[in-house]
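Descriptive analysis of the structure
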Amino acid sequence: MGETLVPGAKDAGVTYFVDQQISIPPQEALLEARIMNVKPPFANFYRAALGAIDGASSARYGGRNFAQLAANEQHEFVDLMRQNKLDGWKGAAASFVYFLLRSDAVDVVYGTMDGYAHLGVPYQPHIAPTRSW
Amino acid sequence: MANNDKVDAVIVGAGASGSVFAAVLAKAGKKVVLLEAGPDWQLDDLISSDIWGRRIKPAGSPFLLEGKNPYGYVYQAGWGTGGAALHYFANFPRLLPNDFKVKSTYGKGLDWPIDYADIAPYWDKVADDVGVSGDAKAEEIWRPAGKPYPMPPMRTFPGGDAWKKGFDALGMRLTPAAVGINSTKFKGRPACIYDGWCHVGCPIGALSNPLVTYLAEARQAGAEVRPYATVTRVLTSADGAKATAVEYYDANKQKQVQEASVVVLAAWSAQNPRLMLNSATDKHPNGLANSSGLVGKYLTAHFASGTSALFDEDLQPYMGTIAAQYFSYDLYDKNAHKDNGAFGSTFMVAGTAQRYSALGGVANARLDLFGAELAAFMKRAARGYTRLNAFAEEMPVIDNRIELATDKDEFGMPLGKIIHSFNDEAVALFNANFDRGLQIAKATGAKEAWPNKGPMPTIHLMGGTIMGKTAGDAVTNSFGQTHEIANLWIAGPGIFPTSGAPNPTYTILALSLRGAEQLAKNWGSVAD
């Protein structure tokens, strides 16, 4: 899902980012979920989101979960997801899940010193982060 | 449970307003303790990163959010010393004279018990205290004259200057923004270097966060800060006439009581009423200072209509501050958008430094894009993107409120529930400001312009413990002293009866200074 949302997210470590962040106390977490008023523990949000995505994917694509879809199908699915147009979606609004998962992918691709360098803009930190997250 | 030696004043919350009260009272020789629910942040904790910057905000939602437009607060709330003012944008606009008698003038909302002229000297004092850069004379096209700011306006960059061209083309006025950031060296603090990382905390002290202004002064004068101290109740005397202490849980989650002659509630606008409601006794069955039933009522939020513009030219959008380069009160008349069914003031800011990720980042300027299309947009926007924001005013209604929920937190205190909905006039104002923003953007000559339309945001939280003339129509007087308990004071935007449209911190500081000086001056008749 991360790579479909933002090219480069997989190599930038979006899976590790989320996995690590949901394993630490919520007051230390650096996820956008924190900012968007998601109630901790944040793992609950991601667990429910994965279930909703695979449930809606299976319903639409003959029993195949999201990871089993072809790239063009994944793109179509995400486009429907962001517009709340998926039948059988369960839990938090699909558009909100899209927003947060996209934000995680944006974080690792564009929110780091490497990300700024990739965009060709100076990062100019007062205090540079010693690691991306 | 441990009892601590009685102090003169216990202040709940070490953010913008609590720091002002602490500084004034400590400098007046009072023994002051600040109880802060979060960490005691230091300047070198303030890492320049949108990802790491989330550390200085609350963790998730201890407040339950309900209503048509649930109040999403974590982005703008504080946690730890400095509070929300540790990561605020430091825009320093003031309210205008038409903000103070809205009900009398228009038959809507509420009146303040004071006028512009009552606060004006304190805006000037705060400017001299913390350092404000701007052009006061230029602003006087919209407001009464006051003192010049202690520093000249900040530098501008192409991303801000582009909007000036659009305003000029439409005959609208845009002046240098007043900001709480140093354009020159000020009181030993350095000038800003325009790297755009203000919103995750300025570690060089060029931006006037409390760690380098009032909280530093308070500490220097002997005030004690106790971090990780979560207050759950204000205790009162048997006859209910006086506040006597606050009950809190310390960093080891042990219950403590801090007795004090004066209690100042300076937590954020939702937490103060939560504490007051949770402090009910037989003498105050509906919560402290709440015979009016208004504790927790008349919450207001700002909302913003953002307009994006994309240029082929290099605008250096990564340069500047997160505060505005320019601002405008040209749409501040409450009826400026009357033809659209809207009511309320609009305050516009232009030319903030852009970050590329996170909630306010460039990637979210096109939320519809993902995949290759997003990557292509980001490449184009990296140097060509700029934004105009129109902040607007929501009228206070009694149904927008804080209540205690049945669920409890880890200390057994009922969670707060924030119930918030925008009315039709606010929605109309939100939409009208998109139309105007797009008109301005097109006049800039941008290659592309679009409204950043999404769910209606809730920005800043005001009200909940409003000021007014009597105990029947308000919780506090204009100084923040509760009408019913003379030594219980409220500080912060919770005492605003109406919100106006500008960023509130400058007014929070001014009202807190006014209140704290009043308290210090009348200490003998107030303190228990």
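One can find the structure itself at the top, above this paragraph.
Rules of the game
- Residues numbered from 1 in each chain as written.
- Chains lettered and ligands numbered in written order.
- Predicted model: local features only at pLDDT ≥ 70, side-chain atom pairs only at ≥ 80, totals over all residues.
- Heavy atoms only, no water.
- Helix = DSSP H or I, 4+ residues; strand = E, 2+ residues; numbered from the N terminus.
- Rg over C-alpha atoms; globule rule 2.2 N^0.38 Å.
- Buried < 20%, exposed > 50% of the residue type's maximum accessible area, 1.4 Å probe, protein only.
- Contact = heavy atoms within 4.5 Å.
- Lys, Arg positive; Asp, Glu negative; His and termini not counted.
- Charge placed at Lys NZ, Arg CZ, Asp CG, Glu CD.
- Salt bridge = Lys/Arg side-chain N within 4 Å of Asp/Glu carboxyl O.
- 1 Å grid on protein atoms, 1.4 Å probe; cavity = no way out; pocket = protein on both sides within 12 Å on 5 of 7 lines; lining within 4 Å.
- Points joined across faces, edges and corners; volume = space filled by probe spheres on them.
- Nonpolar A, V, L, I, M, F, W, Y, C, P; charged D, E, K, R; others polar.
- Buried area = accessible area lost by both parts, 1.4 Å probe.
- Polar contact = N/O pair within 3.5 Å; in protein donor to acceptor, adjacent residues only side chain to side chain.
- Core = buried A, V, L, I, M, F, W, Y, C linked by side-chain atoms within 4.5 Å.
- Pairing = 2+ DSSP bridges.
- Axes fitted to C-alpha atoms, helices over the stretch in contact; angles between N-to-C directions.
- Phe/Tyr/Trp six-rings, centres within 6.5 Å; stacked < 30°, edge-to-face > 60°.
- Expected span 1.5 Å × (residues − 1).
- Disulfide = S-S within 2.5 Å.

**Remarks on the overall build of chain B**
A count of helical and extended segments in chain B gives 11 helices and 17 strands. Taking 528 residues into account, the globule formula puts the C-alpha radius of gyration at 24 Å, and chain B, at 22 Å, falls close to it. Its C-alpha atoms put chain B at 70 × 50 × 50 Å along the principal axes. Burial statistics for chain B: of 528 residues in total, 64% are counted as buried. Partitioning the intrachain contacts of chain B with sequence separation of at least 6 by distance along the chain shows that 73% fall at a separation of at least 24. For chain B, the separation between the mean place of its 50 positive charges and that of its 51 negative charges on side chains is 2 Å.

**Some thoughts on the side chain of R55(B)**
Tracing the chain through its elements places R55(B) in the loop between β2 (32-35) and β3 (63-66). The buried charged residue R55(B) lacks any salt bridge, with D45(B) as its nearest oppositely charged partner at 4.7 Å. Those residues within four positions of R55(B) in sequence are excluded, and the remaining contacts are L30(A), R34(A), W41(B), D45(B), I47(B) and W79(B).

**Observations regarding the layout of surface pockets**
Residues and elements named next belong to chain A. Roughly 660 Å³ of volume is contained in the second largest pocket. Broken down by secondary-structure element, the contributors of at least two residues to the lining of the second largest pocket are α1 (2-5), α3 (14-21), α5 (42-60) and α7 (94-110). Here the lining of the second largest pocket is composed, by residue class, of 13 nonpolar, 5 polar and 6 charged.

**Brief notes about the interface of chain A and chain B**
Of the residues lining the interface, 47 residues belong to chain A; the matching set on chain B comes to 51 residues. Summing the contributions of chain A and of chain B, the shared interface buries around 4100 Å²; its carbon and sulfur component is 62%. Linking chain A with chain B are 30 residue pairs in polar contact (both at pLDDT 80 or more). Where the side of chain A that touches chain B is concerned, the elements lending two or more residues are α1, α4 (32-35), α6 (71-82), α7 and α8 (113-119) of chain A. Considering each element in turn, the side of chain A that touches chain B owes the most residues, 7 residues, to α7(A). A breakdown of the residues in the side of chain A that touches chain B according to their chemical character gives 27 nonpolar, 12 polar and 8 charged.

**Remarks on the nonpolar core**
If you look at the biggest cluster of nonpolar residues, it comprises 184 residues, and the most contacted ones within it are F77(A), M81(A), W89(A) and F377(B). Element by element, the count of residues in this core is highest for α7(A), at 11 residues. Those residues within four positions of F377(B) in sequence are excluded, and the remaining contacts are L310(B), V362(B), A365(B), R366(B), L369(B) and W450(B). Core analysis: the next-biggest nonpolar cluster, separate from the first, contains 22 residues, F63(B), A301(B), A342(B) and M456(B) among them.

**Quick word on the sheet that holds strand β13 (residues 401-408) of chain B**
Residues and elements named next belong to chain B. Spatially, the 3 strands line up as an open sheet ordered β3-β14-β13, and their pairing is mixed. Pairing within the sheet leaves two strands with one partner each, and these edge strands are β3 and β13. Here the strands of the sheet are splayed against their neighbours by 30° on average, with no regard to which way each runs. Sheet topology places β3 next to strand β14 (residues 414-419); 4 bridges connect them, and they run parallel. Considered in β14, the bridge of F63 is made with G416. Of the strands in this sheet, β3, β13 and β14 are in contact with helix α7 (residues 271-278), which crosses β13 at around 60°.

**What to know about the packing of aromatic side chains**
Residue and element names in this part refer to chain B. Taken as a whole, this structure holds 34 aromatic pairs over all chains when the rule is applied. A centroid spacing of 6.3 Å and a plane angle of 55° characterise the contact between Y88 and F92, whose relative ring orientation is tilted. Of the two residues, Y88 and F92, neither departs from the other in class, the shared state being buried. Seen from their ring centres, W142 and Y329 are 5.5 Å apart, and the 50° between their planes marks the pair as tilted. Here W142 is found in the loop between α4 (136-139) and α5 (158-169), whereas its partner Y329 is found in the loop between β10 (326-328) and β11 (346-350), with 187 residues between them in sequence. W142 gets classed as buried once you look at its relative accessible area, which sits at 12%. Grouped by ring-pair contacts, the aromatic residues Y88, F92, Y116, W123 and Y506 constitute a single cluster.

**Quick notes on α5(A)**
Residue and element names in this part refer to chain A. Compared with an ideal rise of 1.5 Å per residue, which puts 19 residues at 27 Å, α5 spans 27 Å between its outermost C-alpha atoms and is within 8% of the ideal. Taken together, the buried positions of α5 are occupied by F42, A43, F45, Y46, A49, A52, I53, A56 and S57. Of the residues one or two after α5, G62 is the one with positive phi, at around 60°.

**Here's the deal with the state of the cysteines**
Residues and elements named next belong to chain B. Evaluated as defined, the whole model comprises 0 disulfides over all chains. Among the cysteines around C192, which has no disulfide bond, C198 carries the closest sulfur, lying 5.9 Å off. Looking at C202, it has no disulfide partner, and the nearest cysteine sulfur is the one in C198, 6.7 Å off. On the basis of relative accessibility, which here comes to 6%, the residue C202 falls in the buried class.

**Quick notes on the pattern of salt bridges**
In this structure the tally under the stated criterion is 30 salt bridges over all chains. Between K255(B) and E247(B) there is a salt bridge, with its nearest N and O atoms 3.8 Å apart. Since its relative accessible area comes to 30%, K255(B) is described here as partly exposed. Across the pair D409(B) and R274(B) runs a salt bridge, and its minimum N-O distance is 2.9 Å. Taken together, the residues D409(B) in the loop between β13 and β14 and R274(B) in helix α7 connect sequence positions 135 residues apart. Among the residues examined, R274(B) registers a relative accessible area of 4% and is labelled buried. In the salt-bridge network here, residues are joined through shared partners; they are E32(A), D107(A) and R54(B).

**Focus on the side chain of D104(A)**
Along the chain, D104(A) turns up in helix α7. Buried within the structure, D104(A) lacks any salt-bridge partner; R54(B) is the closest side chain of opposite charge, at an N-O distance of 5.9 Å. Those residues in contact with D104(A), other than ones at most four positions away along the chain, are V14(A), F17(A), V18(A), L31(A), E32(A) and Y46(A).

**Some remarks on the pairing of strand β12 (residues 385-392) of chain B**
Across a regular strand the side chains alternate sides, sitting on one face of the sheet and then on the other. Residues and elements named next belong to chain B. Burial runs high along β12: 8 of the 8 residues are buried. The side-chain alternation of β12 yields two buried faces, one formed by Y385, R387, N389 and F391 and the other by T386, L388, A390 and A392. Direction of pairing for strand β9 (residues 297-310) relative to β12: antiparallel, over a ladder of 8 bridges. Residue pairing across strands places F303 opposite A392, the latter belonging to β12. In the sheet, β11 pairs with β12 via 5 bridges, with the strands oriented antiparallel. Residue pairing for β12: T346 is matched across the bridge by A392.

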